[in-house]
Structures are given as structure tokens and as C-alpha cells.
Amino acid sequence: MTVVRPHRLGGMLLLLYSVVVGGCGGSTRPETSAASAITVVDMQVDSDRVLRYRVSTPSLEKSTTTPLRINVILPTTYDSDPRRRYPVLYALPGTSNTADVWLNNIDTVEMTASLPMIVVIPDGTFDADGGGFYTNWVDQTTSRGVANWETFHTEELVAWIDENFRTHSDRSGRAIVGISQGGFGSMSYAARSPGLFGAAASFSGAVDIYYNPVCHLGAVALISAIMTGLNGVPPFAPFGDPATHSDNWKAHDPGWLVGNLANTKVDIYTSTGLPGLPDLTDPAVVGTVAIEALLHASNRCFKQAADAAGIDFGWHSYIIGTHAWDYANRSLADYLPRLMVFFETGA
């Protein structure tokens, strides 16, 4: 399905179904392309820059009854400069979050207002459940049905965006970032598909699930708790039993695959969990402290793997910071200028 860039008319929202200006390199994709797997169920225009889509795909069975979100933030010059193409930043949400957190809880729209860049924010959960942990599940027989999150994100979504928006459709113009569980997703996807993303960043992510034995045990406990407690599925549904499916855990672990990131601009943001002034009025501060401290250990395990492999990466470790939105905004404010340097120079 091809979707036009919509327009606001007399205060009403119109969705016009026709061919978008530009396409991907002027080429025509076959009907069986990855992009054609995505069906637009609904769409709304929030502003001249923010478009919200609801979609379905056979790769995620529940999306046929519970449409998935894809939010797109356009640069301010997108309509006024119709021949220009733009780099794309994919932003992944965390556990129990929808794609809307990058619009509602993180100041993404405001911080990117002056940047010549498209931001694409897909769901990583079914309506804010525990999330799919950014993989094609080993167990496809749970109540979640077909759960192929990696296929949706790295094949279908990227192809759909390149087909329907004026993008730079190569890794030098494509980056990915994630927060919390999404931080695992951004680093895992970048390591598993090194030809897809030229830059990758994690904000407080679980970026080592196997390389370090201690972090592996922590990841097993965390993922099992999310699966059983939030998703109501068997504990090892995404990656398989750690004992009998260890190769699959390795194959998705950014720490184990860190060598694949040698030619990728990598930035890791993490905090110790020590609360600051923004946390004093947060009733959930005990939880945000504990989670950030646990994930800080995961980040240090990834650092151990990257250092051992001689991989150059940006290490942004803060003493003050919990698993709260204020610190996600801090990370994004620091990261965006670095990302724009990459898009402009490749460095």
C-alpha cells in the first residue's frame, strides 16, 4: 500500500490515498516487497510535522485486532522543499510503553524542530504490555500468536518508510536509538544487521544479555519476569530456554556481537541510579533507582565486551540518574548534535 503525505484542510483531517512524491530512489517496488506487508488501518495528522499511523502486519498476529502505532516526525522543511531527501532516526520504546512515549514523555518533537531529519517511532509492544524484546520469538504458540518483531522493524518498517517518504535509503542516512528495552533493540538490530544502520544508540538499555555470565543471569531473570508478569506467556518465549537455546541468546546479544559494530557509530547512555532533584517528588523513585542500577550493570558488561574487542564507541555514564523521563531527555539532548555530525560527515 502506498500512502500520500497528508494535509490539513479547513481544520479537518484528510487522508488521500495516492502516490507519495519522491518514493525511494524513483524505483518501483514489487507487490511482494517487505513494505507491502504493512497495511495502514488508520492515520491522523497531529500537526504539520507529526503523523500518527495505525497499521497491521502478518508478522505480528495480534496487530490484526490491535493495530500497531507508527509515529512519524517530519522536518519543518519537508513540504517546502519537495526535492530534498532526509536521513532517518528510528526510535524504539521500552517495556510497557507505546510509540507515543517519544511524543508525550520525551521532548522529541521540540528537540528536532530545527534538524533536517525524519524520526520514525514504531510500537515495540501490543498496547503497552511487556513488549516483544525486539526479536522473532522462538515460541510462536503463545497468546501473542505470531510474534516476529525483528521482521516488522528491520525489514517491513524500513522498507515502508523508504517507499513512502523522501529518505536517504542507505546506512549512512539511517540511525536507530532506543530507551530501556528499546535500547536493547537498537543495539541488537544494529549488530545483527550491520549494513542497515550507520549509527546506533541506547538510553538506559539492557545491552548485554549473554556476554558476561553475571549480566546473562540478570537478563534471564528480567526477561522471564517481563514475559510471565506482564505478557502472561512462558518465561523463555522470545529467545528460548537459556540452556538449550544458548546460541539464539548469543545471536541477539549486542555484547556477544560487538564485533559487528566496528563500523557503526555507537553511543551508550547510562546512569548509576543515584537520584537527583527531579526524582525527589517521584512516588516511583525506589523502582526507577533499582531498574537503572540493574541496567547500569548491563551497560558496563557491554563496555567490557567492546573494550576487549577494541571497538570505538561513545560511553556516556552519569553518576546522577534514575530510570525516569528527565534523564531520557538529557540523553536525547546530548545525542542529537552527535547524530547530526554523523549524518553530515559520516563521523
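Note: the structure precedes this text.
All of the points below concern the structure found in this document. Values in this document were obtained by computation on a predicted structure and should not be read as measured data. Every chain is numbered independently, its residues counted from 1 as its sequence is written. In keeping with the predicted nature of the model, local features appear solely for residues at pLDDT of at least 70, side-chain atom pairs appear and are counted solely at 80 or more, and the whole-chain, interface and lining totals rest on all residues. Computation of side-chain values: all heavy atoms of the structure, hydrogens and water removed.

1. Brief notes about the packing of aromatic side chains
Between the rings of Phe, Tyr and Trp (Trp by its six-membered ring), a pair exists once the centres lie within 6.5 Å; its type follows the angle of the planes, with under 30 degrees stacked, over 60 edge-to-face, and the other angles tilted. Taken as a whole, this structure holds 19 aromatic pairs when the rule is applied. Ring geometry for F184 against F239: centres 6.0 Å apart, planes inclined by 85 degrees, an arrangement best described as edge-to-face. Here F239 lies in the loop between α5 (213-231) and α6 (246-252) and F184 lies in helix α4 (residues 181-192), a separation of 55 residues in the sequence. The burial state of F184 is the same as that of F239; both residues are buried. In this structure an aromatic cluster arises from ring pairing among Y53, Y78, Y86, W160 and F165. Working rule: Lys NZ or Arg CZ, within 6 Å of ring centre, within 35 degrees of ring normal, means a charge sits over the ring. Positioned over the ring face of W315 is K303, at 5.8 Å from the centre of the ring. Here a helix means four or more residues in a row that DSSP labels H or I, a strand means two or more in a row labelled E, and each is numbered from the N terminus. For every residue, the accessible area obtained with a 1.4 Å probe (protein chains only) is divided by the maximum for its type, and the residue is called buried under 20%, exposed over 50%, and partly exposed between those limits.

2. A few points about the sheet that holds strand β8 (residues 174-179)
Two strands qualify as a pair provided DSSP detects at least 2 bridges between them. In spatial order, the strands read β3-β4-β5-β7-β6-β8-β9-β10-β11; together these 9 strands make up an open sheet with mixed pairing. Two strands lie at the open edges of the sheet, namely β3 (39-45) and β11 (314-320), each paired on one side alone. The average angle at which neighbouring strand axes cross in this sheet is 15 degrees, direction not considered. Relative to strand β10 (residues 265-274), strand β9 (residues 199-203) runs parallel, the two sharing 5 bridges. By the bridge assignment for β10, F203 is matched with Y269. Contacting β6 (88-92), β8, β9 and β10, α4 crosses the sheet at an angle of about 150 degrees to β8. Packed onto the sheet, helix α7 (residues 285-309) meets β10 and β11 and runs at close to 140 degrees relative to β10. Only C-alpha atoms enter the line fits that serve as axes; for helices the fit covers just the stretch in contact. Angles between N-to-C directions range over 0 to 180 degrees. Residue contacts are defined here by distance: any two heavy atoms, one from each residue, within 4.5 Å place the two residues in contact.

3. Things to note about empty space enclosed by the protein
With a 1 Å grid laid over protein atoms only, a set of points is called a cavity when a 1.4 Å probe fits there but cannot get out and a pocket when it is open yet has protein on both sides within 12 Å along at least five of seven lines; lining residues have an atom within 4 Å of a point. Grid points are joined across faces, edges and corners, and a volume is the space filled by probe spheres set on the points. According to the stated counting rule, one finds 1 cavity of 30 Å³ or more in the structure shown. Lining the largest cavity, in full, are Y90, L92, P122, H153, T154, L157, V158, I176, Y189 and F197. In terms of residue count, the dominant contributor to the lining of the largest cavity is helix α3 (residues 149-164) (4 residues). The residue makeup of the lining of the largest cavity, split by class, is 8 nonpolar, 2 polar and no charged. Following the grouping adopted for this structure description, the nonpolar residues are Ala, Val, Leu, Ile, Met, Phe, Trp, Tyr, Cys and Pro, the charged ones are Asp, Glu, Lys and Arg, and the polar ones are all others, Gly among them.

4. Digging into the layout of surface pockets
Size it by volume and the largest pocket reaches roughly 500 Å³. In terms of lining, the largest pocket is formed by 30 residues, of which the most central are N97, S180, I291, L295 and H323. Mapped by element, the contributors of at least two residues to the lining of the largest pocket are α5, β10, α7 and α8 (325-345). Of the residues that constitute the lining of the largest pocket, the class distribution is 15 nonpolar, 12 polar and 3 charged.

5. Describing the environment of S33
Its location among the elements puts S33 in the loop between β2 (12-14) and β3. A relative accessible area of 13% means that S33 is categorised as buried. Along the backbone, S33 and V289 are 256 residues apart, and their C-alpha atoms lie at a distance of 44 Å.

6. Overview of the pairing of β6
The buried fraction of β6 is high, at 5 of 5 residues. Neither face of β6 is left uncovered, since the one carrying V88, Y90 and L92 and the one carrying L89 and A91 both have all their residues buried. Both β6 and strand β7 (residues 118-122) contribute to a ladder of 3 bridges, which runs parallel. Looking at the pairing, L89 lines up with V119 of β7.

7. Details of α7
Taking 1.5 Å as the rise per residue, α7 with 25 residues should run 36 Å; its terminal C-alpha atoms sit 36 Å apart, in good agreement. Residues of α7 that are buried include every one of T288, E292, L295, H296, S298, N299, C301, F302, A305 and A306, and no others. Helix span, expected: 1.5 Å multiplied by one less than the number of residues in the helix.

8. Some remarks on the pattern of salt bridges
When a carboxyl oxygen of Asp or Glu lies within 4 Å of a side-chain nitrogen of Lys or Arg, that pair is called a salt bridge. The final tally for this structure, using the stated rule, is 12 salt bridges. For D100, the salt bridge is made with R52, and the minimal N-O distance between the two is 3.0 Å. Of this pair, D100 sits in the loop between β6 and α1 (101-104) while R52 sits in strand β4 (residues 50-56); the two residues are 48 residues apart in sequence, bridging distant segments of the chain. The exposure class of D100 is buried, given its relative accessible area of 16%. The partner of D162 in a salt bridge is R174, and the shortest N-O contact between them spans 2.9 Å. Separated by 12 residues along the polypeptide, D162 in helix α3 and R174 in strand β8 bring together distant segments of the chain. Accessibility expressed as a relative area gives 6% for R174, which makes it buried. Here the residues in one salt-bridge network are D46, R52, R69, D100, D123 and D127, joined through shared partners.

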